[in-house]
Amino acid sequence: MSALGAHRPRRRYSQNFLHDPAAIGRIVDAIDPQPGDRIVEVGPGAGALTAPLLARCQYLTAVEIDRDLAAKLAQRFGAERLNLVCADALKIDWVKLAREGGGRLRLVGNLPYHICTPLLFEWLPIAHDVLDQHLMLQKEVVDRIVARPGGRDYGRLSVMLQFRYRVERLFNVAPGSFVPAPKVRSSVIRMVPRAPHELALTDTAAFARVVTAAFGQRRKTLRNALAVVMDEEAIRRAGVDPGARAETLDVAAFARLAMQLKSPLSRGTGEAGGAGLEAKP
């Protein structure tokens, strides 16, 4: 708390500052930073994670939207150790940042709850430039990311992220570990991008279109939900029951459906059939 000084948490930035030494230690140990790692911390706040990370690595980049906190971080750590980017994480050119310098990124942070889901989708295009991600998110969001088929938490977020990453919930963090204490519990998740050979047969844009259409109206069967992108026969060729609903399918089934979307035998897969659907998640 002392690192905050007179700073008052700003609600518009969803500022809840981690202060529990035990939780901080567990997170840093899970990350296991090494000298030479290209670590990017999002939302460093008062530097609760920044300080112990820098104690174990040589240098890191921190993205902080709050100008007051950014100034304090710059003064505390100095430019020799900390590359401070004062910006909205959702407006950064992540592709450019990922490809500057050598080595793959390690993304870490206590993400503000209101940006975590859009930011996770924003990072999908740079997954091949990322070594791993260790993030603290709202527990309900992590529940959705790690959910298995058939559960109420399983949905588009689950499928899109499990397709691209191996995901693992590490542990939960109680509200009392923060100042001010949030009204929700938090979880720390590890996300490791899948190797290129695991994705080689799947067109990622086609995969995103299928998943978006399938979960667009969860109550509909795939026969109806996917009608805009493929016909019933194409669904059957993927080895999927057209009468099933999206939440019952595993990631591999969606990958097979995406392959049918590219098939010339599938009706409704041309430009007209795909109208209104974004290829990017």
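Residues numbered from 1 in each chain as written. Predicted model: local features only at pLDDT ≥ 70, side-chain atom pairs only at ≥ 80, totals over all residues. Heavy atoms only, no water.

Comments concerning the side chain of Ser158
Note the following rule: Numbering of helices and strands starts at the N terminus; helices are DSSP runs of H or I of at least 4 residues and strands are runs of E of at least 2. Each residue gets one of three labels from its accessible area relative to the maximum for its type: buried under 20%, exposed over 50%, partly exposed in between, using a 1.4 Å probe on protein chains only. Two N or O atoms form a polar contact when they lie within 3.5 Å of each other; inside protein one atom must be a possible hydrogen donor and the other a possible acceptor, and for residues adjacent in sequence the pair counts only when both atoms belong to side chains. By the convention used here, residues are in contact when the closest approach between their heavy atoms is within 4.5 Å.
Within the element layout of this structure, Ser158 appears in helix α7 (residues 156-164). The exposure class assigned to Ser158 is buried, which follows from its relative accessible area of 0%. Here the side chain of Ser158 touches Asp153 through a polar contact of 3.5 Å, landing on its backbone oxygen. Not counting residues up to four positions away in its chain, the partners in contact with Ser158 are Arg144, Ile145, Ala147 and Asp153.

Focus on the nonpolar core
Which entries qualify depends on this criterion: Nine residue types can take part in a nonpolar core, namely buried Ala, Val, Leu, Ile, Met, Phe, Trp, Tyr and Cys, and a core is a set of them joined through side-chain atoms within 4.5 Å.
If you look at the biggest cluster of nonpolar residues, it comprises 63 residues, and the most contacted ones within it are Trp94, Trp123, Leu137, Phe207, Leu226, Phe254 and Leu257. The leading source of residues in this core is helix α9 (residues 204-216), at eight residues. Those residues within four positions of Leu137 in sequence are excluded, and the remaining contacts are Leu111, Tyr113, Cys116, Leu120, Val142, Ile145, Arg185, Ser186, Ser187 and Ile189. Listed in part, the 22 residues of the second largest apolar core include Leu18, Ile39, Phe171 and Val188.

Description of unusual backbone geometry
Negative phi values dominate among residues other than glycine, just as trans dominates among peptide bonds. A positive phi angle is found at Asp32, which is not glycine, with a value near 55°. Mapped onto the elements of the fold, Asp32 is located in the loop between α1 (21-31) and β2 (38-42). Judged by its relative accessible area of 38%, Asp32 falls in the partly exposed class.

Comments concerning the packing of aromatic side chains
The test is simple: The pairing test for Phe, Tyr and Trp rings, Trp by its six-membered ring, is centres within 6.5 Å, and the orientation test on the planes gives stacked under 30 degrees, edge-to-face over 60, and tilted for anything in between. Charge over a ring is defined by NZ of Lys or CZ of Arg lying within 6 Å of the ring centre and within 35 degrees of the ring normal.
Under the defined criterion, the tally for this structure stands at four aromatic pairs. A connected cluster of aromatic rings, assembled from ring pairs, spans Tyr154, Phe215 and Phe254. The residue whose ring lies beneath Arg26 is Phe171, and the NZ or CZ to ring-centre distance is 3.9 Å. Above the ring of Phe121, the side-chain terminus of Arg156 is found at 4.7 Å from the ring centroid.

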